[in-house]
Number of protein chains: 2
Amino acid sequence: MRTADPLHLRLLRLLRDEGPVSRAELGDRLQMPRPRLLAELDRLVALGLVAEAGLAASRGGRRSTLVELDPRLRFAAVDLGASSIDVEVVNGRLEPVAAYSEVADIRSGPKVILHRVNDLLHKARADGAYETLHAVGIGVPGPVSFRDGVPVSPPIMPGWDRFPVRELLTREHGCPAVVDNDVNIMALGERHGGVAHSVDDFLFVKIGTGIGCGIHLGGEVYRGTDGCAGDIGHIQVDAHGPICSCGNAGCLEAVFSGAALAREATAAARAGTAPALVERLAARSVLTARDVAEGAAEGDVTCIQLIRDGGRQVGRVLAGLVSFTNPSMIVIGGGLAQLGHVLLAEIRSVVYRRSLPLATGNLPVVLSELGARAGVAGAAVLASDIAFGEAS
Amino acid sequence: MRTADPLHLRLLRLLRDEGPVSRAELGDRLQMPRPRLLAELDRLVALGLVAEAGLAASRGGRRSTLVELDPRLRFAAVDLGASSIDVEVVNGRLEPVAAYSEVADIRSGPKVILHRVNDLLHKARADGAYETLHAVGIGVPGPVSFRDGVPVSPPIMPGWDRFPVRELLTREHGCPAVVDNDVNIMALGERHGGVAHSVDDFLFVKIGTGIGCGIHLGGEVYRGTDGCAGDIGHIQVDAHGPICSCGNAGCLEAVFSGAALAREATAAARAGTAPALVERLAARSVLTARDVAEGAAEGDVTCIQLIRDGGRQVGRVLAGLVSFTNPSMIVIGGGLAQLGHVLLAEIRSVVYRRSLPLATGNLPVVLSELGARAGVAGAAVLASDIAFGEAS
């Protein structure tokens, strides 16, 4: 939870989220006397953050000057996955001006991965995407100490524990950097430009290789005491279930995740119970969640059942979290969101049946709008916030 | 989540929590220039909130004047339970100057119950406990719209839905009033004067007739979108468990709560498996959680097993909430906290085994310090906050 916004942060966010605004309207919106506003704008122009953008349409009297974020403003947004690097360079409005995606194994370690991130950003500069970066935001697939800018004991990221990610990026690019957990930045992305637009209290549930939850309370990301809040993949759903990578039995992500679904799909294909999967396994010798989604779309009963069984488990965990958190919205994202409305219908059915009526009366449970872009979108929001917040 | 504290709220809270402080120290602590501090103190003296209290010990130069909360300041703190009314009148330091406890059935409805509360408060005035009340804080055993000051669809409180509790108390006593859920005020009480002193992120779990959770995040009570956050009693722990009062199967409070424990103890006594319970049932024809606690203390194996089974179920739910919330502390309170260390040991064992190591590394799981007084203590904190906050 952040302390009250300083005025310049509110002003810069307003220009970021709404584009050019006249000085007169800015004064009204921020309830700021004209002399103070003009002084603040002069300061932000001198810092290279704000620029004039011509005259506004007349409101009756003299036409007011439009202001906008400086068109040269650039942020880098980085989303590291277990097996991918996504980088975008965005302008002040957070619109991409360059985007790169590469396959990469996070287990190669921080030096290799961050070297590749830096290479992509230098390439973007060579391609004319920016002259100077004003901030870098990066998401990583593991727990993060947000305050220290380092990963903390991340289970699937050997070599990254307490590696100074923020410090390295700050030094390389000469600008502020900010590090967060991948699910937190996806939630931020959905809140800024997706389905959770302006919703203050919501949960973003990522179902992919693993399962995690971004928690937005009171309009801010909630990270917990050690930065690992939202780690719902290891909530037990079946005491007699399969052993999880964490060593416990029957964790949610051992029962339903990309890996678990592929495992169950393969078993169903081998047993011959799912015709759609038998063909696909014969053709490619490996099955993924996408095969199950396609099988379900073709009406394969076993595929539909696999998705519904998984949805029920996710729904049971979410029902508990709805009773606990009483949120305004739940957003389902990550790779397995491609399972679409069969998955969603099952999750909804369990959540609505199992949670307090008062808590579910107006509770939408919806799919992510930004899909694979949620991560970089949120990293861009974080980068701009840090740049604006430090412009004081 | 509240916006930044106005200065006078910080000042009054400091005097409430620490007692008389010299003007010089107040200026230092609040980083307030002397002229502004003196003006603020004059205003608070005129409002009857602050008084002078002699001279402080010398800090080398001239002795500074001590200030304290006005000794005539009084708040009413009310804790309504399913079957009890607890009322305290406290001074500015939140020390009780009068206390009353009565048996009452919350199902008698708001008119009867609030009439009795008002009678107790008028009696306290007749007894000399106060001349004027500066605020009333009240906790009720059900969901509350904190903003509107009314209970909302409270399951065990027929007739209370949307009853204007705050308005009635304000009109009767001519001062601000504030209404909250009983578990939220218990958490506030523990944070102010109990085991969670100054802890910003913690969960207070009440195990009594029902089960609920007070959530403290970032130093504030988190109430959720509809005011029903923390309703963990209806999280499913056993799909094949007993039917709960809410209509679903295997809710936590259907499996372990005062009522559930009494039911299982009676069954064990009738089956003859628990000698300690057989005697007690013969003597009094009804068993309660206290009988199980006493049986366990005498070494009755079945009693110990009943407590451990319940602790395991509570522990499983809390393990999930620890993974989700990553709190700094868990406090166990409510009537069943009398089951003591057998219960606590089982809860701890499951939480530590089932949650992320990162989240449990420094996580104390402890018993409430204030016990049955936690509710009124929290209601007093809430009353003083509302009185101080409105003194602007």
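This write-up is about the structure you can find in this document. (Residues numbered from 1 in each chain as written. Chains lettered and ligands numbered in written order. Predicted model: local features only at pLDDT ≥ 70, side-chain atom pairs only at ≥ 80, totals over all residues. Heavy atoms only, no water.)

## Focus: the overall build of chain A
Step number 1: Looking only at helices and strands, one finds 14 helices and 15 strands in chain A.
Step number 2: Projected onto the principal axes, the alpha-carbon positions of chain A cover approximately 75 × 50 × 40 Å.
Step number 3: Counting all 392 residues of chain A, 59% fall into the buried class.
Step number 4: Nonlocal contacts in chain A, meaning residues at least 24 apart in sequence, comprise 59% of its contacts between residues at least 6 apart.
Step number 5: Element-wise, carbon and sulfur atoms account for 51% of the exposed surface of chain A, whose accessible area totals about 16000 Å².
Step number 6: The centroid of the 39 positive side-chain charges in chain A is displaced by 3 Å from the centroid of its 44 negative side-chain charges. (Helix = DSSP H or I, 4+ residues; strand = E, 2+ residues; numbered from the N terminus. Buried < 20%, exposed > 50% of the residue type's maximum accessible area, 1.4 Å probe, protein only. Contact = heavy atoms within 4.5 Å. Areas by Shrake-Rupley, 256 points an atom, 1.4 Å probe, with all protein chains shown as cover. Lys, Arg positive; Asp, Glu negative; His and termini not counted. Charge placed at Lys NZ, Arg CZ, Asp CG, Glu CD.)

## Concerning the interface of chain A and chain B
Step number 1: If you look at the interface, chain A gives 41 residues, while chain B gives 41 residues.
Step number 2: When chain A packs against chain B, close to 3500 Å² is buried across both sides, 56% of that on carbon and sulfur atoms.
Step number 3: The largest contributions to the chain A side of the interface with chain B come from Phe324(A), Arg354(A) and Leu358(A), which together make up 24% of the buried area.
Step number 4: The interface formed by chain A and chain B contains zero salt bridges.
Step number 5: For the side of chain A that touches chain B, the elements supplying multiple residues, two or more each, are strand E12 (211-217), helix H11 (301-325), helix H12 (340-354) and helix H13 (357-360) of chain A.
Step number 6: A per-element tally of the side of chain A that touches chain B places H11(A) first, with six residues. (Buried area = accessible area lost by both parts, 1.4 Å probe. Salt bridge = Lys/Arg side-chain N within 4 Å of Asp/Glu carboxyl O.)

## What about the pattern of salt bridges?
A side chain of one charge can pair with a side chain of the opposite charge if their charged atoms are brought near each other.
Residue and element names in this part refer to chain A.
Step number 1: Overall, the coordinates contain 52 salt bridges over all chains when judged by the stated rule.
Step number 2: In this structure, Arg171 and Glu167 form a salt bridge, with 3.1 Å as the shortest nitrogen-oxygen distance. Of the two residues, Arg171 and Glu167 both sit in helix H5 (residues 165-173), four residues apart, roughly one turn of that helix.
Step number 3: Judged by relative accessible area, Arg171 falls into the exposed class, the value being 63%.
Step number 4: Classification of Glu167 by relative accessible area gives partly exposed; the value is 48%.
Step number 5: Where Glu264 meets Arg263, a salt bridge forms, and the shortest distance between an N and an O atom there is 3.7 Å.

## Looking at the sheet that holds strand E1 (residues 21-22) of chain B
Residues and elements named next belong to chain B.
Step number 1: On the basis of which strands lie adjacent, the open sheet formed by three strands has the order E1-E3-E2 and antiparallel pairing. The open sheet has two edge strands with one neighbour each: E1 and strand E2 (50-55).
Step number 2: Relative to strand E3 (residues 65-69), E1 runs antiparallel, the two being bridged by two bridges. Each bridged residue has a counterpart across the sheet, and for Val21 the counterpart in E3 is Val67.
Step number 3: The sheet contacts of helix H1 (residues 7-18) involve E1, E2 and E3, and relative to E3 the element is tilted by about 90°. (Pairing = 2+ DSSP bridges. Axes fitted to C-alpha atoms, helices over the stretch in contact; angles between N-to-C directions.)

## What to know about the packing of helix H6 (residues 182-193) of chain A against helix H14 (residues 374-389) of chain A
Residue and element names in this part refer to chain A.
Step number 1: Axis separation between H6 and H14 bottoms out at 6 Å; the angle between their running directions is 85°. The angle between the axes of H6 and H14 places the two elements in the roughly perpendicular class. Facing H6, whose interface residues are Ile185, Met186, Leu188, Gly189, Glu190 and His192, H14 presents Ala374, Gly375, Ala377, Gly378, Ala379, Val381 and Leu382.
Step number 2: By residue class, the composition of the contact of H6 with H14 is eight nonpolar, four polar and one charged. (Parallel < 35°, antiparallel > 145°, perpendicular 65-115°, else oblique. Nonpolar A, V, L, I, M, F, W, Y, C, P; charged D, E, K, R; others polar.)

## Overview of empty space enclosed by the protein
Step number 1: Summed over all chains, the structure comprises two cavities of 30 Å³ or more.
Step number 2: One number sums up the size of the largest cavity: a volume of about 380 Å³.
Step number 3: If you go around the largest cavity, you meet 22 residues; those closest to its centre are Ile235(A), Gln236(A), Arg316(A), Ile235(B) and Gln236(B).
Step number 4: Every element with two or more residues in the lining of the largest cavity is listed here: H11 of chain A together with helix H11 (301-325) of chain B.
Step number 5: For the lining of the largest cavity, a count of residues per class yields ten nonpolar, eight polar and four charged.
Step number 6: Volume-wise, the second largest cavity comes out at about 60 Å³.
Step number 7: Lining of the second largest cavity is provided by Ile215(A), Leu217(A), Tyr222(A), Phe324(A), Thr325(A), Ile215(B), Leu217(B), Tyr222(B), Phe324(B) and Thr325(B).
Step number 8: Sorting the residues of the lining of the second largest cavity by element identifies E12 and H11 of chain A together with strand E12 (211-217) and H11 of chain B as the ones contributing at least two each.
Step number 9: Class assignment of the residues belonging to the lining of the second largest cavity gives a composition of eight nonpolar, two polar and no charged. (1 Å grid on protein atoms, 1.4 Å probe; cavity = no way out; pocket = protein on both sides within 12 Å on 5 of 7 lines; lining within 4 Å. Points joined across faces, edges and corners; volume = space filled by probe spheres on them.)

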